[in-house]
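Residue strings, one per chain:
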Amino acid sequence: MHTFQPIPAETLEFDPFTKIGKDWGLVTTGTKAKANTMTISWGGVGVLWGKNVAFIFIRDSRYTKELLDQGEFFSITFLDEAYRDALNYCGSHSGRNENKIENAGLTLGFRHSIPYIDEGNFVLLCKKMAVTKITEDAFLVPQIKDKWYPDGDMHTMYVAEIIDIMAR
């Protein structure tokens, strides 16, 4: 297991366009008995309701969504480019019928009983604050549905307070 140190949010240098959109992250949720992770490339960070928050989007069909809906916490772990194969694996395989974390060559860690991926450089530990299902009638640009949801597998948006930030 790696040693992580908590860091204050004010000192975080974080480009969400690169970290989330290009480098990707792993959202991990569940318990010590049953946890899962999945790759994300949509989301962001900011301030909402007087809190530092992260927001992520998960498709209805994902196994991670089932686990996230059962609990109140999740983590977002960011890794080096050396873990690109693991990120690709976690984005293209389901943990419903396999131990995806182990099969991707990753290790599960816990802080405040929140699971995270130990190989990360830094981790956002999050507590859910709001859940919003994205529906077709919310789109102001009709092409969004055709391009991103041709099969109807919509996203749910999770807004969560960042309760801890850890870095190696």
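Just above, that's the structure.
Conventions used here
- Residues numbered from 1 in each chain as written.
- Predicted model: local features only at pLDDT ≥ 70, side-chain atom pairs only at ≥ 80, totals over all residues.
- Heavy atoms only, no water.
- Helix = DSSP H or I, 4+ residues; strand = E, 2+ residues; numbered from the N terminus.
- Buried < 20%, exposed > 50% of the residue type's maximum accessible area, 1.4 Å probe, protein only.
- Polar contact = N/O pair within 3.5 Å; in protein donor to acceptor, adjacent residues only side chain to side chain.
- Contact = heavy atoms within 4.5 Å.
- Salt bridge = Lys/Arg side-chain N within 4 Å of Asp/Glu carboxyl O.
- Patch = residues over 30% accessible without salt bridge, like charges linked within 9 Å, V, L, I, M, F, W, Y side chains within 5 Å.
- Areas by Shrake-Rupley, 256 points an atom, 1.4 Å probe, with all protein chains shown as cover.
- Core = buried A, V, L, I, M, F, W, Y, C linked by side-chain atoms within 4.5 Å.
- Phe/Tyr/Trp six-rings, centres within 6.5 Å; stacked < 30°, edge-to-face > 60°.

A. Region of the structure containing the side chain of T39. Topologically, T39 is positioned in strand β3 (residues 35–40). Its relative accessible area of 13% is what places T39 among the buried residues. Looking at T39, its side chain comes within polar contact range of the main-chain nitrogen of G91, at 3.2 Å. Apart from residues lying up to four places away in sequence, T39 is in contact with W24, G25, L26, L87, C90 and G91.

B. Layout of the pattern of salt bridges. Following the criterion strictly, the structure yields eight salt bridges and no others. Close ionic contact of E66 with R96 constitutes a salt bridge, the shortest N to O distance being 2.4 Å. Taken as a pair, E66 in helix α2 (residues 63–70) and R96 in the loop between α3 (84–92) and α4 (100–103) lie far apart in primary sequence, 30 residues in all. Taking the relative accessible area as the measure of exposure, R96 reaches 38% and is therefore partly exposed. With a shortest N-O distance of 2.7 Å, R111 and D164 are connected by a salt bridge. Of the two residues, R111 is situated in strand β7 (residues 108–111) and D164 in strand β10 (residues 155–167); the sequence distance between them amounts to 53 residues. Exposure remark for D164: the relative accessible area of 12% places this residue in the buried category.

C. Molecular detail of a nonpolar patch on the surface. A surface patch of nonpolar side chains, about 290 Å² in accessible area, is lined by L48, W49 and M129. By the secondary structure assignment, L48 is in strand β4 (residues 43–48). Judged by relative accessible area, L48 falls into the partly exposed class, the value being 32%.

D. Representation of the environment of V159. Tracing the sequence through the fold places V159 in strand β10. C-alpha separation for the pair V159 and P142, spaced 17 residues apart in sequence, amounts to 25 Å. In contact with V159, not counting residues within four places along its chain, are L48, W49, V53, A54, F55, K127, K128, M129 and A130.

E. The nonpolar core, seen in detail. Counting 20 residues, the largest nonpolar core has I56, F74, I76 and L124 as the members making the most contacts within it. Of all the secondary structure elements, the ones that give two or more residues to this core are β3, β5 (51–59), β6 (73–78), β9 (122–133) and β10. The dominant element in this core, judged by the number of residues it contributes, is β10, at five residues.

F. The arrangement of the packing of aromatic side chains in detail. Within the structure shown, the criterion is met by seven aromatic pairs. An angle of 90 degrees between the planes, with centres 5.6 Å apart, marks the rings of F14 and F122 as edge-to-face. Here F14, found in the loop between β1 (5–6) and α1 (16–23), pairs with F122, found in strand β9; they are 108 residues apart in sequence, far enough to count as distant. When its relative accessible area of 9% is taken as the criterion, F122 is described as buried. Between F139 and Y149, the aromatic rings sit 5.7 Å apart at their centres with planes inclined by 15 degrees, giving stacked as the arrangement. Of this pair, F139 sits in the loop between β9 and α5 (143–148) while Y149 sits in the loop between α5 and β10, placing them 10 residues apart in sequence.

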